[in-house]
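Inside the fold
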Amino acid sequence: MRNRIYLDNAATTPLAPEVLQEMMPYLTECFGNPSGVYATGREARRALEAARERTAKAIGAEKQEIYFTSGGSESDNWAVFGAAAAGRGRHIITSAIEHHAVLRPCRQLEKQGYEVTFLPVDGTGRVDPADVERAVRADTALISIMTANNEIGTLQPVAEIGAIARERGIPFHTDAVQALGAVPLDMRTMPVDLLSISAHKFHGPRGIGALYIRRGIRIEPLIRGGAQERGLRAGTENLPGAVGLGKAAEEAVRDLESRTERIRALRDLLIDGIREALPEARLNGDPVNRLPGNVHFSFPGADGEALLLRMDLAGIACSGGSACTSGSTEISHVLTALGQDPESARGGLRMTLGDRTTEAEIRETLRTLIPLVRELRGTFR
Ligand SMILES: *Cc1c(COP(=O)(O)O)cnc(C)c1O
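Residues numbered from 1 in each chain as written. Predicted model: local features only at pLDDT ≥ 70, side-chain atom pairs only at ≥ 80, totals over all residues. Heavy atoms only, no water.

To continue, consider the overall build of the protein chain. Secondary structure assignment for the protein chain yields twelve helices and 15 strands. Its C-alpha atoms give the protein chain a radius of gyration of 21 Å, within 12% of the compact-globule value 21 Å for 381 residues. Once the C-alpha set of the protein chain is aligned to its principal axes, its extents read approximately 65 × 50 × 40 Å. Out of the 381 residues in the protein chain, the part that is buried amounts to 56%. Put simply, of all contacts in the protein chain between residues at least 6 apart along the chain, 73% involve residues at least 24 apart. Here the protein chain has roughly 16,100 Å² of accessible surface; of this, 52% comes from carbon and sulfur atoms. Taken as two groups, the 46 positive and 49 negative side-chain charges of the protein chain have centres that lie 3 Å from each other. (Helix = DSSP H or I, 4+ residues; strand = E, 2+ residues; numbered from the N terminus. Rg over C-alpha atoms; globule rule 2.2 N^0.38 Å. Buried < 20%, exposed > 50% of the residue type's maximum accessible area, 1.4 Å probe, protein only. Contact = heavy atoms within 4.5 Å. Areas by Shrake-Rupley, 256 points an atom, 1.4 Å probe, with all protein chains shown as cover. Lys, Arg positive; Asp, Glu negative; His and termini not counted. Charge placed at Lys NZ, Arg CZ, Asp CG, Glu CD.)

Take a look at the structure:
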(Lines give C-alpha, C1' and ligand atoms only; values in the text may rest on other atoms or scores of the structure.)
Protein backbone atom coordinates (compact mmCIF):
# COMPACT_ATOMS: atom_id res chain seq x y z
CA MET A 1 0.00 0.00 0.00
CA ARG A 2 1.28 3.47 -0.83
CA ASN A 3 0.64 6.93 0.48
CA ARG A 4 -1.41 9.08 -1.88
CA ILE A 5 0.53 12.18 -0.91
CA TYR A 6 4.29 12.09 -0.44
CA LEU A 7 5.69 14.87 1.76
CA ASP A 8 8.98 13.28 2.79
CA ASN A 9 11.28 14.50 0.01
CA ALA A 10 14.03 15.32 2.52
CA ALA A 11 14.28 11.60 3.29
CA THR A 12 14.42 10.47 -0.32
CA THR A 13 12.91 11.25 -3.71
CA PRO A 14 11.56 9.05 -6.49
CA LEU A 15 13.95 8.12 -9.29
CA ALA A 16 13.18 10.24 -12.36
CA PRO A 17 12.28 8.19 -15.47
CA GLU A 18 14.82 10.07 -17.60
CA VAL A 19 17.52 9.20 -15.05
CA LEU A 20 16.60 5.51 -15.12
CA GLN A 21 16.64 5.62 -18.90
CA GLU A 22 20.23 6.87 -18.95
CA MET A 23 21.27 4.27 -16.38
CA MET A 24 19.67 1.32 -18.18
CA PRO A 25 22.48 0.47 -20.64
CA TYR A 26 24.97 0.36 -17.75
CA LEU A 27 22.75 -2.01 -15.77
CA THR A 28 22.53 -4.34 -18.77
CA GLU A 29 24.73 -4.61 -21.84
CA CYS A 30 27.47 -2.13 -20.96
CA PHE A 31 28.69 -3.99 -17.89
CA GLY A 32 32.44 -3.49 -18.37
CA ASN A 33 34.77 -2.63 -15.53
CA PRO A 34 36.10 0.91 -16.12
CA SER A 35 39.57 -0.42 -15.24
CA GLY A 36 39.46 -2.93 -18.14
CA VAL A 37 41.78 -2.25 -21.07
CA TYR A 38 39.41 -3.87 -23.60
CA ALA A 39 36.77 -1.98 -25.61
CA THR A 40 33.88 -2.58 -23.19
CA GLY A 41 36.04 -1.38 -20.32
CA ARG A 42 37.01 1.72 -22.24
CA GLU A 43 33.36 2.42 -23.00
CA ALA A 44 32.59 2.14 -19.28
CA ARG A 45 35.49 4.46 -18.45
CA ARG A 46 34.20 7.05 -20.93
CA ALA A 47 30.72 6.92 -19.39
CA LEU A 48 32.17 7.26 -15.89
CA GLU A 49 34.20 10.32 -16.83
CA ALA A 50 31.24 11.89 -18.65
CA ALA A 51 29.18 11.41 -15.47
CA ARG A 52 31.95 13.03 -13.44
CA GLU A 53 31.98 15.99 -15.80
CA ARG A 54 28.20 16.43 -15.55
CA THR A 55 28.27 16.22 -11.76
CA ALA A 56 31.09 18.76 -11.62
CA LYS A 57 29.23 21.18 -13.89
CA ALA A 58 26.16 21.14 -11.64
CA ILE A 59 28.18 22.65 -8.77
CA GLY A 60 30.64 24.77 -10.76
CA ALA A 61 33.52 22.41 -10.02
CA GLU A 62 36.21 20.86 -12.20
CA LYS A 63 35.90 17.24 -13.23
CA GLN A 64 39.04 16.21 -11.31
CA GLU A 65 37.52 17.56 -8.09
CA ILE A 66 34.62 15.06 -8.04
CA TYR A 67 35.11 11.73 -6.22
CA PHE A 68 32.26 9.23 -6.37
CA THR A 69 31.18 7.66 -3.08
CA SER A 70 28.31 5.47 -1.89
CA GLY A 71 26.27 8.51 -0.84
CA GLY A 72 25.95 11.38 1.60
CA SER A 73 26.88 9.38 4.69
CA GLU A 74 30.13 8.15 3.20
CA SER A 75 31.03 11.59 1.86
CA ASP A 76 30.48 13.12 5.30
CA ASN A 77 32.45 10.38 7.08
CA TRP A 78 35.25 10.72 4.55
CA ALA A 79 35.47 14.52 4.87
CA VAL A 80 35.70 14.34 8.68
CA PHE A 81 38.00 11.33 9.06
CA GLY A 82 40.00 12.18 5.95
CA ALA A 83 40.72 15.77 6.99
CA ALA A 84 41.55 14.67 10.54
CA ALA A 85 43.96 12.01 9.30
CA ALA A 86 45.65 14.46 6.94
CA GLY A 87 47.40 15.61 10.08
CA ARG A 88 46.89 19.35 10.28
CA GLY A 89 45.91 19.30 13.93
CA ARG A 90 43.79 17.71 16.63
CA HIS A 91 40.83 20.12 16.74
CA ILE A 92 37.58 20.16 14.74
CA ILE A 93 34.77 22.70 14.63
CA THR A 94 31.24 21.66 13.73
CA SER A 95 27.69 22.48 14.85
CA ALA A 96 25.25 20.78 17.19
CA ILE A 97 22.70 20.29 14.39
CA GLU A 98 24.77 18.48 11.78
CA HIS A 99 23.57 15.21 10.29
CA HIS A 100 24.65 12.18 12.32
CA ALA A 101 27.00 11.26 9.46
CA VAL A 102 29.11 14.24 10.59
CA LEU A 103 28.38 14.14 14.32
CA ARG A 104 29.16 10.47 14.91
CA PRO A 105 32.56 10.58 13.17
CA CYS A 106 33.34 13.66 15.30
CA ARG A 107 32.39 11.73 18.44
CA GLN A 108 34.60 8.87 17.29
CA LEU A 109 37.52 11.25 16.82
CA GLU A 110 36.99 12.53 20.38
CA LYS A 111 37.57 8.98 21.59
CA GLN A 112 40.83 9.02 19.64
CA GLY A 113 42.04 12.15 21.40
CA TYR A 114 40.76 14.87 19.10
CA GLU A 115 38.95 17.86 20.54
CA VAL A 116 35.68 18.85 18.87
CA THR A 117 33.83 22.14 19.31
CA PHE A 118 30.09 21.62 18.72
CA LEU A 119 28.87 25.15 18.07
CA PRO A 120 25.41 26.12 19.33
CA VAL A 121 22.71 27.55 17.06
CA ASP A 122 20.20 30.33 17.65
CA GLY A 123 16.45 29.73 18.00
CA THR A 124 16.07 29.43 14.21
CA GLY A 125 18.94 26.98 13.83
CA ARG A 126 21.58 29.40 12.50
CA VAL A 127 25.25 29.19 13.39
CA ASP A 128 26.78 32.58 14.19
CA PRO A 129 29.95 33.10 12.08
CA ALA A 130 31.40 35.06 15.02
CA ASP A 131 31.19 31.85 17.07
CA VAL A 132 33.20 30.06 14.38
CA GLU A 133 35.79 32.82 14.47
CA ARG A 134 36.11 32.54 18.24
CA ALA A 135 36.40 28.73 18.14
CA VAL A 136 39.28 28.66 15.66
CA ARG A 137 42.59 27.45 17.09
CA ALA A 138 46.09 27.06 15.71
CA ASP A 139 45.54 23.29 15.56
CA THR A 140 42.06 23.33 13.94
CA ALA A 141 42.10 20.65 11.23
CA LEU A 142 38.60 21.11 9.83
CA ILE A 143 35.47 23.24 10.02
CA SER A 144 32.31 21.35 9.01
CA ILE A 145 29.00 23.23 8.85
CA MET A 146 26.09 22.00 6.73
CA THR A 147 24.63 24.15 3.95
CA ALA A 148 21.02 23.25 4.80
CA ASN A 149 19.58 21.30 7.69
CA ASN A 150 17.60 18.19 6.83
CA GLU A 151 15.08 18.50 9.67
CA ILE A 152 14.18 22.18 9.99
CA GLY A 153 15.47 23.40 6.60
CA THR A 154 17.61 26.21 7.97
CA LEU A 155 20.25 27.55 5.57
CA GLN A 156 23.58 28.38 7.16
CA PRO A 157 25.76 31.41 6.34
CA VAL A 158 28.29 29.12 4.62
CA ALA A 159 29.87 31.91 2.55
CA GLU A 160 30.78 33.82 5.70
CA ILE A 161 31.95 30.72 7.57
CA GLY A 162 33.96 29.58 4.55
CA ALA A 163 35.61 32.98 4.31
CA ILE A 164 36.74 32.71 7.94
CA ALA A 165 38.12 29.22 7.28
CA ARG A 166 39.95 30.36 4.16
CA GLU A 167 41.49 33.35 5.90
CA ARG A 168 42.92 31.00 8.53
CA GLY A 169 43.93 28.34 6.03
CA ILE A 170 41.60 25.73 7.52
CA PRO A 171 39.78 23.27 5.23
CA PHE A 172 36.01 23.91 5.17
CA HIS A 173 33.55 21.06 4.61
CA THR A 174 29.85 21.50 4.05
CA ASP A 175 27.16 18.83 3.89
CA ALA A 176 25.13 20.03 0.90
CA VAL A 177 23.01 16.88 0.59
CA GLN A 178 19.79 18.88 1.10
CA ALA A 179 21.03 21.88 -0.85
CA LEU A 180 21.74 20.58 -4.36
CA GLY A 181 18.74 21.39 -6.53
CA ALA A 182 17.31 23.67 -3.85
CA VAL A 183 19.80 26.54 -3.63
CA PRO A 184 22.56 27.54 -6.07
CA LEU A 185 25.93 25.89 -5.41
CA ASP A 186 28.96 27.25 -7.25
CA MET A 187 32.44 26.14 -6.26
CA ARG A 188 33.96 28.90 -8.40
CA THR A 189 32.62 31.54 -6.03
CA MET A 190 31.93 29.69 -2.76
CA PRO A 191 34.83 29.38 -0.28
CA VAL A 192 34.20 25.65 0.19
CA ASP A 193 36.93 22.99 0.11
CA LEU A 194 34.92 19.80 0.66
CA LEU A 195 31.24 19.29 -0.20
CA SER A 196 28.97 16.24 0.19
CA ILE A 197 26.12 15.39 -2.17
CA SER A 198 23.83 12.37 -2.57
CA ALA A 199 21.89 11.41 -5.71
CA HIS A 200 18.73 10.00 -4.11
CA LYS A 201 17.89 13.40 -2.60
CA PHE A 202 17.39 14.86 -6.10
CA HIS A 203 15.67 12.09 -8.10
CA GLY A 204 18.79 10.02 -8.68
CA PRO A 205 19.44 6.45 -7.51
CA ARG A 206 20.29 5.37 -3.93
CA GLY A 207 23.79 4.36 -2.97
CA ILE A 208 25.70 6.93 -5.02
CA GLY A 209 27.00 10.33 -4.07
CA ALA A 210 30.13 12.38 -4.34
CA LEU A 211 32.63 14.29 -2.31
CA TYR A 212 33.90 17.45 -3.97
CA ILE A 213 37.54 17.97 -3.00
CA ARG A 214 38.96 21.31 -4.09
CA ARG A 215 42.19 21.05 -6.03
CA GLY A 216 45.10 21.40 -3.63
CA ILE A 217 43.17 20.18 -0.56
CA ARG A 218 44.66 16.97 0.83
CA ILE A 219 42.63 14.38 2.71
CA GLU A 220 43.39 10.75 3.49
CA PRO A 221 41.31 7.97 1.90
CA LEU A 222 38.52 6.38 3.93
CA ILE A 223 38.32 3.19 1.86
CA ARG A 224 41.62 1.66 0.76
CA GLY A 225 42.45 -1.22 -1.50
CA GLY A 226 42.40 -0.04 -5.11
CA ALA A 227 43.52 2.74 -7.38
CA GLN A 228 40.00 3.91 -8.30
CA GLU A 229 39.05 7.57 -7.92
CA ARG A 230 42.67 8.69 -8.32
CA GLY A 231 43.71 6.37 -5.53
CA LEU A 232 41.49 8.09 -2.97
CA ARG A 233 38.44 5.81 -2.89
CA ALA A 234 38.94 2.12 -3.56
CA GLY A 235 36.27 -0.17 -4.96
CA THR A 236 34.95 -1.07 -8.40
CA GLU A 237 33.04 1.99 -9.53
CA ASN A 238 29.24 2.06 -9.33
CA LEU A 239 28.94 2.96 -13.00
CA PRO A 240 25.12 2.92 -13.38
CA GLY A 241 24.93 4.92 -10.15
CA ALA A 242 27.47 7.48 -11.34
CA VAL A 243 25.63 7.86 -14.66
CA GLY A 244 22.40 8.37 -12.70
CA LEU A 245 24.03 10.92 -10.40
CA GLY A 246 25.38 12.89 -13.35
CA LYS A 247 22.02 13.03 -15.10
CA ALA A 248 20.07 13.78 -11.91
CA ALA A 249 22.49 16.56 -10.91
CA GLU A 250 22.18 18.15 -14.34
CA GLU A 251 18.38 18.07 -14.13
CA ALA A 252 18.36 19.31 -10.51
CA VAL A 253 20.09 22.56 -11.37
CA ARG A 254 18.23 23.16 -14.64
CA ASP A 255 15.68 25.97 -14.23
CA LEU A 256 16.57 26.05 -10.54
CA GLU A 257 14.99 29.46 -10.02
CA SER A 258 11.56 28.70 -11.51
CA ARG A 259 11.40 25.17 -10.10
CA THR A 260 12.17 26.24 -6.56
CA GLU A 261 9.89 29.28 -6.86
CA ARG A 262 6.94 26.95 -7.49
CA ILE A 263 7.85 24.75 -4.53
CA ARG A 264 8.45 27.78 -2.30
CA ALA A 265 4.95 29.10 -3.11
CA LEU A 266 3.40 25.74 -2.16
CA ARG A 267 5.49 25.66 1.01
CA ASP A 268 4.19 29.10 2.01
CA LEU A 269 0.63 28.04 1.23
CA LEU A 270 1.04 25.16 3.68
CA ILE A 271 2.76 27.28 6.34
CA ASP A 272 0.18 30.10 6.12
CA GLY A 273 -2.74 27.66 6.16
CA ILE A 274 -1.47 25.99 9.32
CA ARG A 275 -0.70 29.28 11.07
CA GLU A 276 -4.11 30.71 10.27
CA ALA A 277 -6.06 27.73 11.57
CA LEU A 278 -3.79 26.77 14.47
CA PRO A 279 -2.42 29.91 16.16
CA GLU A 280 -0.56 27.85 18.76
CA ALA A 281 1.45 26.02 16.09
CA ARG A 282 5.12 26.97 16.06
CA LEU A 283 7.15 27.00 12.84
CA ASN A 284 10.60 25.56 13.53
CA GLY A 285 13.63 26.82 11.67
CA ASP A 286 14.34 30.13 10.01
CA PRO A 287 11.30 31.67 8.30
CA VAL A 288 13.47 33.36 5.64
CA ASN A 289 16.76 31.44 5.34
CA ARG A 290 14.95 28.21 4.65
CA LEU A 291 14.95 25.40 2.10
CA PRO A 292 12.17 26.00 -0.46
CA GLY A 293 10.51 22.65 0.29
CA ASN A 294 10.74 22.48 4.09
CA VAL A 295 7.81 22.83 6.49
CA HIS A 296 8.42 21.92 10.13
CA PHE A 297 5.95 22.65 12.92
CA SER A 298 5.61 21.90 16.59
CA PHE A 299 2.03 21.54 17.82
CA PRO A 300 2.12 22.07 21.58
CA GLY A 301 0.05 19.53 23.42
CA ALA A 302 -0.36 17.18 20.47
CA ASP A 303 1.55 13.90 20.44
CA GLY A 304 3.77 14.03 17.35
CA GLU A 305 3.87 10.29 16.94
CA ALA A 306 0.11 9.94 17.07
CA LEU A 307 -0.18 12.75 14.53
CA LEU A 308 2.28 11.05 12.20
CA LEU A 309 0.38 7.77 12.38
CA ARG A 310 -2.97 9.45 11.74
CA MET A 311 -1.52 11.35 8.76
CA ASP A 312 -0.27 8.04 7.39
CA LEU A 313 -3.69 6.47 7.87
CA ALA A 314 -5.11 9.39 5.90
CA GLY A 315 -2.66 8.58 3.09
CA ILE A 316 -0.12 11.33 3.69
CA ALA A 317 3.57 10.50 4.20
CA CYS A 318 5.46 12.93 6.43
CA SER A 319 8.06 12.66 9.13
CA GLY A 320 8.26 13.32 12.86
CA GLY A 321 10.37 15.46 15.11
CA SER A 322 11.71 12.36 16.73
CA ALA A 323 13.20 9.24 15.24
CA CYS A 324 12.13 5.82 16.42
CA THR A 325 15.36 3.93 16.96
CA SER A 326 15.02 0.27 17.94
CA GLY A 327 11.72 0.76 19.70
CA SER A 328 12.63 3.75 21.84
CA THR A 329 11.72 7.28 20.84
CA GLU A 330 14.78 9.43 20.46
CA ILE A 331 14.20 13.15 20.64
CA SER A 332 15.71 15.10 17.76
CA HIS A 333 19.13 16.58 18.54
CA VAL A 334 18.21 19.42 16.19
CA LEU A 335 15.06 20.49 18.06
CA THR A 336 16.91 20.12 21.37
CA ALA A 337 19.69 22.41 20.06
CA LEU A 338 17.05 25.05 19.24
CA GLY A 339 16.36 25.21 22.95
CA GLN A 340 13.07 23.33 22.87
CA ASP A 341 12.09 21.32 25.90
CA PRO A 342 11.85 17.56 25.24
CA GLU A 343 8.06 17.77 25.49
CA SER A 344 7.53 20.15 22.57
CA ALA A 345 10.39 18.49 20.67
CA ARG A 346 8.17 15.39 20.63
CA GLY A 347 5.35 17.25 18.92
CA GLY A 348 7.27 18.04 15.74
CA LEU A 349 6.01 17.31 12.24
CA ARG A 350 8.15 17.68 9.10
CA MET A 351 6.55 17.92 5.67
CA THR A 352 9.01 18.25 2.78
CA LEU A 353 7.76 19.17 -0.68
CA GLY A 354 9.32 18.22 -3.98
CA ASP A 355 9.11 18.60 -7.74
CA ARG A 356 6.01 16.43 -7.91
CA THR A 357 4.06 18.11 -5.11
CA THR A 358 0.88 19.79 -6.36
CA GLU A 359 -1.34 22.55 -5.00
CA ALA A 360 -4.23 20.09 -4.73
CA GLU A 361 -2.06 17.90 -2.49
CA ILE A 362 -1.19 20.83 -0.24
CA ARG A 363 -4.88 21.79 0.08
CA GLU A 364 -5.78 18.22 0.95
CA THR A 365 -2.95 18.09 3.48
CA LEU A 366 -4.35 21.19 5.18
CA ARG A 367 -7.87 19.71 5.20
CA THR A 368 -6.52 16.56 6.85
CA LEU A 369 -3.95 17.99 9.23
CA ILE A 370 -5.89 20.83 10.84
CA PRO A 371 -8.77 18.78 12.30
CA LEU A 372 -6.29 16.08 13.35
CA VAL A 373 -4.20 18.52 15.38
CA ARG A 374 -7.38 19.93 16.97
CA GLU A 375 -8.49 16.44 17.85
CA LEU A 376 -5.12 15.40 19.26
CA ARG A 377 -4.59 18.64 21.20
CA GLY A 378 -4.48 17.79 24.84
CA THR A 379 -3.64 14.15 24.27
CA PHE A 380 -0.06 14.71 25.19
CA ARG A 381 0.63 15.77 28.77
C1 LIG B 1 20.16 12.17 3.62
C2 LIG B 1 21.26 12.97 4.21
C3 LIG B 1 22.53 12.41 4.42
C4 LIG B 1 22.83 10.97 4.12
O5 LIG B 1 22.86 10.70 2.75
P6 LIG B 1 22.75 9.19 2.23
O7 LIG B 1 23.05 9.27 0.79
O8 LIG B 1 21.37 8.74 2.53
O9 LIG B 1 23.78 8.41 2.99
C10 LIG B 1 23.52 13.23 4.93
N11 LIG B 1 23.28 14.52 5.23
C12 LIG B 1 22.09 15.09 5.05
C13 LIG B 1 21.89 16.53 5.37
C14 LIG B 1 21.03 14.33 4.54
O15 LIG B 1 19.84 14.90 4.37
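Glancing now at the pairing of strand β4 (residues 115–119). The pairing of strand β3 (residues 91–95) with β4 spans five bridges and is classified as parallel. Within β4, the residue paired with threonine 94 across the bridge is phenylalanine 118. Between the parallel pair β3 and β4, the chain is carried across by helix α4 (residues 100–111), and the sense of this crossover is right-handed. (Pairing = 2+ DSSP bridges. Right-handed = clockwise from strand over helix to strand, strands pointing away.)

With 59 residues, the main nonpolar core has Ile59, Ile143, Leu185 and Met187 as its most contacted residues. Looking at which domains feed residues into this core, each of domain 1 (5–13 + 255–377) and domain 2 (17–252) supplies at least three. Filtering out sequence-adjacent residues up to four positions away, isoleucine 59 remains in contact with Ile66, Leu180, Leu185, Asp186, Met187, Leu195 and Tyr212. Of all hydrophobic cores here, the second largest spans 28 residues; its members include Leu270, Leu349, Leu353 and Leu366. (Core = buried A, V, L, I, M, F, W, Y, C linked by side-chain atoms within 4.5 Å. Domains from an automatic or database assignment.)

The next thing to look at is the sheet that holds strand β9 (residues 282–283). Each strand in a sheet pairs with another by means of backbone hydrogen bonds, the pair being arranged parallel or else antiparallel. Taken in spatial order, the four strands line up as β9-β10-β15-β12 in an open sheet, and their pairing is antiparallel. Bordering the open sheet on either side are β9 and β12 (319–320), each of which pairs with just one other strand. Bridge count between β9 and strand β10 (residues 294–298): two bridges; the pairing is antiparallel. Note that in β10 the partner of leucine 283 across the bridge is phenylalanine 297.

As enumerated under the stated definition, the model contains two aromatic pairs in all. With a centroid separation of 6.0 Å and an interplanar angle of 90°, the aromatic rings of tyrosine 67 and tryptophan 78 are classed as edge-to-face. Pair noted here: tyrosine 67 is in strand β2 (residues 66–69) and tryptophan 78 is in helix α3 (residues 72–85), with a separation of eleven residues, a long-range link. Exposure class is identical for tyrosine 67 and tryptophan 78. Each is buried. Both rings, one in phenylalanine 297 and one in phenylalanine 299, keep their centres 5.8 Å apart while their planes meet at 15°; by these two values the pair is stacked. Both residues of the pair, phenylalanine 297 and phenylalanine 299, belong to the buried class. One residue, arginine 90, lies across the ring of tyrosine 114, its end atom 4.2 Å from the ring centre. (Phe/Tyr/Trp six-rings, centres within 6.5 Å; stacked < 30°, edge-to-face > 60°. Lys NZ or Arg CZ within 6 Å of the ring centre and 35° of its normal.)

Attention shifts here to the site of the ligand. Near the ligand you find 13 residues, and of these Ser73, Asp175, Gln178, Ser198 and Lys201 are the closest. Within the contact set of the ligand, a nitrogen atom lies 2.6 Å away from a side-chain nitrogen or oxygen of aspartate 175. Contact distances for the ligand include 2.7 Å between an oxygen atom and a side-chain N or O atom of lysine 201. In terms of residue count, the dominant contributor to the shell around the ligand is α3 (three residues). (Near = heavy atom within 4 Å. Polar contact = N/O pair within 3.5 Å; in protein donor to acceptor, adjacent residues only side chain to side chain.)

Contact geometry for helix α2 (residues 39–58) and helix α7 (residues 239–253): axes closest at 8 Å, N-to-C directions at 30°. Taken together, the axes of α2 and α7 lie roughly parallel to each other. α2 and α7 meet at a crossing whose hand is left-handed. On α7, the residues touching Ala44, Ala47, Leu48, Ala51, Arg54, Thr55 and Ala58 of α2 are Leu239, Ala242, Val243, Leu245, Gly246, Lys247, Ala249, Glu250 and Val253. Taken together, the residues of the contact of α2 with α7 sort by class into eleven nonpolar, two polar and three charged. (Axes fitted to C-alpha atoms, helices over the stretch in contact; angles between N-to-C directions. Parallel < 35°, antiparallel > 145°, perpendicular 65-115°, else oblique. Left-handed = near helix turned anticlockwise from the far one by under 90°. Nonpolar A, V, L, I, M, F, W, Y, C, P; charged D, E, K, R; others polar.)

Turning our attention to the domain arrangement of the protein chain. Segmentation of the protein chain into domains returns domain 1 (5–13 + 255–377) and domain 2 (17–252). Computed from C-alpha atoms alone, the centre-to-centre distance between domain 1 and domain 2 is 27 Å. With 27 residues of domain 1 in contact, the opposing surface of domain 2 contributes 32 residues. Of the roughly 2,500 Å² buried between domain 1 and domain 2 on both sides combined, carbon and sulfur atoms contribute 52%. If you sort the residues of domain 1 by the area they bury against domain 2, Thr13, Leu291 and His333 come out on top, with a joint share of 25%. Applying the counting rule to domain 1 against domain 2 returns 18 residue pairs in polar contact (both at pLDDT 80 or more). (Buried area = accessible area lost by both parts, 1.4 Å probe.)

The next thing to look at is α4. Between its terminal C-alpha atoms α4 stretches 16 Å, which fits the 16 Å expected from twelve residues at 1.5 Å a residue. Every buried residue of α4 is listed here: Ala101, Val102, Leu103, Pro105, Cys106 and Leu109. Turning to α4, the residues buried within the fold contact α3, β3, β4, β5 (140–144), β6 (172–175) and α10 (333–337). At the C-terminal side of α4, glycine 113 shows a positive phi close to 100°. (Expected span 1.5 Å × (residues − 1).)

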